[in-house]
Amino acid sequence: MKIIKTKDYEELSAEAAKILIDIVRSNPYAVLGLATGTTPLGLYKKLIADHTKNPTSYKHIRAVNLDEYKGLPKEHKQSYAYFMRKNLFEHIDIDLENAHIENGVAADEQAECERYDKLLKSMRQDIQLLGLGSNGHIAFNEPNTSFESTTHVVNLTESTIKDNARLFNNIEEVPKQAYTMGLNSIMQAKKILILASGVNKAEAVYKLVNGDVTEAVPASILQNHPDCTLIIDKEAAKLL
Ligand code: F6R
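Residues numbered from 1 in each chain as written. Predicted model: local features only at pLDDT ≥ 70, side-chain atom pairs only at ≥ 80, totals over all residues. Heavy atoms only, no water.

K.L.:
Break down the environment of Ser13 for me, with residues and values.
P.N.:
Take Ser13: it is sitting in helix α1 (residues 9–26). Through-space distance from the C-alpha of Ser13 to that of Leu41 is 8.2 Å; in sequence the pair is 28 residues apart. Excluding its chain neighbours within four sequence positions, the residues that come into contact with Ser13 are Gly42, Leu43 and Lys46. (Helix = DSSP H or I, 4+ residues; strand = E, 2+ residues; numbered from the N terminus. Contact = heavy atoms within 4.5 Å.)

Structure, rendered in structure tokens:
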């Protein structure tokens with residue numbers, strides 16, 4: 001695993017942006033695996049600035065997102081589909097038809113997982129961007145998810161519900177289930193870029209880098225990926 005230590009969140013976002021922009025520029029038809037959450041927000045701002053200034057084009061880029069809350073329609077302000085539109089897609093020239101995410105309100109849960117898996121099989125990610133949960137989760141693959149998992153519905157753990165409550169009016173509003181890309185589908189990406197910022201990620205970063213490869217720490221599977229880059233700021237690197 002390649003590790004890039006940065007002095008702060010700003011530098012972390014700039015390093016991550018360089019890697020993504022490079023991929024988009026070298027392959028205008030690339031498949032980008034994207035993530036939501038707080039961590040990639042700085043990176044998305046930099047992609048938007050670069051698109052406006054340079055301008056890097058996303059006209060033919062295809063995007064697949066990691067996860068979506070079960071029960072939230074794509075118009076819902078807390079849905080991940082909405083998050084992606086507001087924080088990135090509406091500010092670049094991507095064709096929204098090419099931006100894929102699980103349907104949180106699909107009538108048939110099993111059929112929705114199968115649809116997304118089929119899509120992922122036909123669109124291997126040139127790069128998969130990931131954030132890191134403080135309990136070591138990646139996407140919504142919580143501790144003890146099978147390394148062989150494909151798209152599935154998960155019951156979110158108490159710690160994840162608490163972490164995500166800051167984005168809702170109160171903790172009761174946080175959905176208890178989500179669709180997530182599985183670990184096997186994440187590992188199919190040609191390249192993985194995982195970002196972690198802040199001291200509350202330090203323990204998970206330590207386990208990701210130095211711990212055993214175990215389903216108890218989903219992110220530890222990345223030790224087996226042939227091309228994985230971890231970018232961390234000083235605080236997240238505290239225990240390394
Ligand atoms: C988001 C996702 C999650 C987050 C993780 C870290 O699509 O799949 O795994 O990446 O929970 O979240 P933040 O960045 O908010 O600390």
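K.L.:
Would you mind going over the pairing of strand β3 (residues 62–65) in detail, with residue names and values included?
P.N.:
As paired strands, strand β2 (residues 31–34) and β3 are joined by four bridges and run parallel to one another. Note on β3: the bridge partner recorded for Val31 is Arg62. Tracing the backbone out of β2, into helix α2 (residues 41–53) and back to the parallel element β3 gives a crossover that is right-handed. Looking at chain direction, β3 and strand β5 (residues 99–100) are connected through two bridges and run parallel. For Val64, the partnering residue across the bridge sits in β5 and is His100. (Pairing = 2+ DSSP bridges. Right-handed = clockwise from strand over helix to strand, strands pointing away.)

K.L.:
Which residues make up the packing of aromatic side chains, and what are the values?
P.N.:
Summed over all chains, the structure comprises four aromatic pairs. When the ring of Tyr69 is compared with that of Phe168, the centres are 5.7 Å apart and the planes differ by 75°; the resulting orientation is edge-to-face. Here Tyr69 is found in strand β4 (residues 67–69), whereas its partner Phe168 is found in the loop between α5 (158–164) and β8 (177–180), with 99 residues between them in sequence. Neither residue differs from the other here; Tyr69 and Phe168 are each classed as buried. Ring geometry for Tyr80 against Phe140: centres 6.0 Å apart, planes inclined by 15°, an arrangement best described as stacked. Of this pair, Tyr80 sits in helix α3 (residues 80–87) while Phe140 sits in the loop between β6 (127–131) and β7 (152–155), placing them 60 residues apart in sequence. (Phe/Tyr/Trp six-rings, centres within 6.5 Å; stacked < 30°, edge-to-face > 60°. Buried < 20%, exposed > 50% of the residue type's maximum accessible area, 1.4 Å probe, protein only.)

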